[in-house]
Amino acid sequence: MAENEQLLGILNKQVANWTVLYTKLHNYHWYVKGPQFLSLHAKFEELYDLANLYIDELAERLLALNGKPVATLKESLATASIYEANGHETTEEMVEQVTNDFAVIAKELEEAIQLANEVHDDATADMFIGIQETLDKNIWMLEAYLEKR
């Protein structure tokens, strides 16, 4: 039973992470400037739409497992592993921060997948794997933008 409670906690942390990230990505979408404005403005919009999708999927899975998702910004900020934007990031810092946030979430998902498999929750494991796959692709793209690959 403790493992099931742990899985509910992991799901809730992911709801919180994606909620914070959703707001951060909006901030970046609105405030990005410079020669890369057009491409990054569109990319940040794509990513906050993705965050919105994951918030809903994760919360609904949590509810299906009789959990209770965080539903306020205060709870999300207290629960999340990632931090909100400070509002003064340069364009490069915005991309670096999103890349770093994605890496944090992807690392957490490795452990989450393992736990979901241990408690024989294939549906949750599959959901986590799908999210991780998308994160890995976006990390690769953002690192290429930053010329880190």
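Just so it is clear, the structure is predicted and the values come from calculations on it, not from any experiment. (Residues numbered from 1 in each chain as written. Predicted model: local features only at pLDDT ≥ 70, side-chain atom pairs only at ≥ 80, totals over all residues. Heavy atoms only, no water.)

Novice: Mind laying out unusual backbone geometry, listing which residues take part and the relevant values?
Specialist: You will see that Asn66, though not glycine, has its phi angle at about 70 degrees, which is positive. By relative accessible area, Asn66 is classed as exposed at 72%. Despite not being glycine, His120 shows a phi value in the positive range, around 60 degrees. One can find His120 in the loop between helix H4 (91-118) and helix H5 (122-145). (Buried < 20%, exposed > 50% of the residue type's maximum accessible area, 1.4 Å probe, protein only. Helix = DSSP H or I, 4+ residues; strand = E, 2+ residues; numbered from the N terminus.)

Novice: An account of the nonpolar core is needed here, citing residue identities and associated values.
Specialist: By size, the foremost hydrophobic cluster in this structure holds 47 residues, and its most contacted members are Trp18, Phe44, Leu58, Phe102 and Phe128. Only helix H1 (2-31), helix H2 (37-64), H4 and H5 provide two or more residues apiece to this core. Residues in contact with Phe102, not counting those within four places in the same chain, are Trp18, Leu21, Leu47, Leu135, Asn138, Ile139 and Leu142. (Core = buried A, V, L, I, M, F, W, Y, C linked by side-chain atoms within 4.5 Å. Contact = heavy atoms within 4.5 Å.)

Novice: Break down the pattern of salt bridges for me, with residues and values.
Specialist: Considering all chains together, one arrives at four salt bridges under this definition. Between Glu46 and Lys43 there is a salt bridge, with its nearest N and O atoms 3.1 Å apart. Here Glu46 pairs with Lys43, and both are found in helix H2, just three residues apart, close to one helical turn. The exposure class assigned to Glu46 is partly exposed, which follows from its relative accessible area of 44%. We classify Lys43 as buried; its relative accessible area is 15%. When the shortest N-O distance is used, the salt bridge between Glu110 and Lys107 registers 3.8 Å. Taken together, the positions of Glu110 and Lys107, both in helix H4 and three residues apart, correspond to about one turn of that helix. Exposure remark for Glu110: the relative accessible area of 44% places this residue in the partly exposed category. (Salt bridge = Lys/Arg side-chain N within 4 Å of Asp/Glu carboxyl O.)

Novice: Tell me about the packing of H1 against H5, and please be specific about residues and values.
Specialist: With their axes 12 Å apart at the nearest point, H1 and H5 run at an angle of 35 degrees to one another. The way H1 lies across H5 gives a crossing that is left-handed. On the side of H1, the interface is formed by Leu7, Ile10, Leu11 and Trp18, while H5 contributes Thr124, Met127, Phe128, Ile131 and Leu135. Partitioning the contact of H1 with H5 into residue classes produces eight nonpolar, one polar and no charged. (Axes fitted to C-alpha atoms, helices over the stretch in contact; angles between N-to-C directions. Left-handed = near helix turned anticlockwise from the far one by under 90°. Nonpolar A, V, L, I, M, F, W, Y, C, P; charged D, E, K, R; others polar.)

Novice: I'd like a rundown of the packing of aromatic side chains, residues and numbers included.
Specialist: Summed over the entire model, instances satisfying the criterion amount to four aromatic pairs. A ring pair is formed by Tyr28 and Phe44, whose centres lie 5.7 Å apart and whose planes are at 55 degrees; its orientation type is tilted. With a gap of 16 residues between them, Tyr28 in helix H1 and Phe44 in helix H2 connect regions that are remote in the sequence. Take Tyr28: its relative accessible area is 0%, and that puts it in the buried class. (Phe/Tyr/Trp six-rings, centres within 6.5 Å; stacked < 30°, edge-to-face > 60°.)

Novice: How would you summarise the packing of H2 against H5 if you had to cite specific residues and measurements?
Specialist: Two numbers describe a pair of packed helices, the interaxial angle and the distance between the axes. Taken N-terminus to C-terminus, the directions of H2 and H5 make an angle of 165 degrees; their axes are 12 Å apart at the nearest point. It follows that H2 is roughly antiparallel to H5 by the angle criterion. The crossing of H2 and H5 is left-handed. Contacts between H2 and H5 involve Leu40, Lys43, Glu46, Leu47, Leu50, Tyr54, Glu57, Leu58 and Arg61 from the former and Ala123, Thr124, Met127, Phe128, Gly130, Ile131, Thr134, Asn138, Met141 and Tyr145 from the latter. By residue class, the composition of the contact of H2 with H5 is eleven nonpolar, four polar and four charged. (Parallel < 35°, antiparallel > 145°, perpendicular 65-115°, else oblique.)

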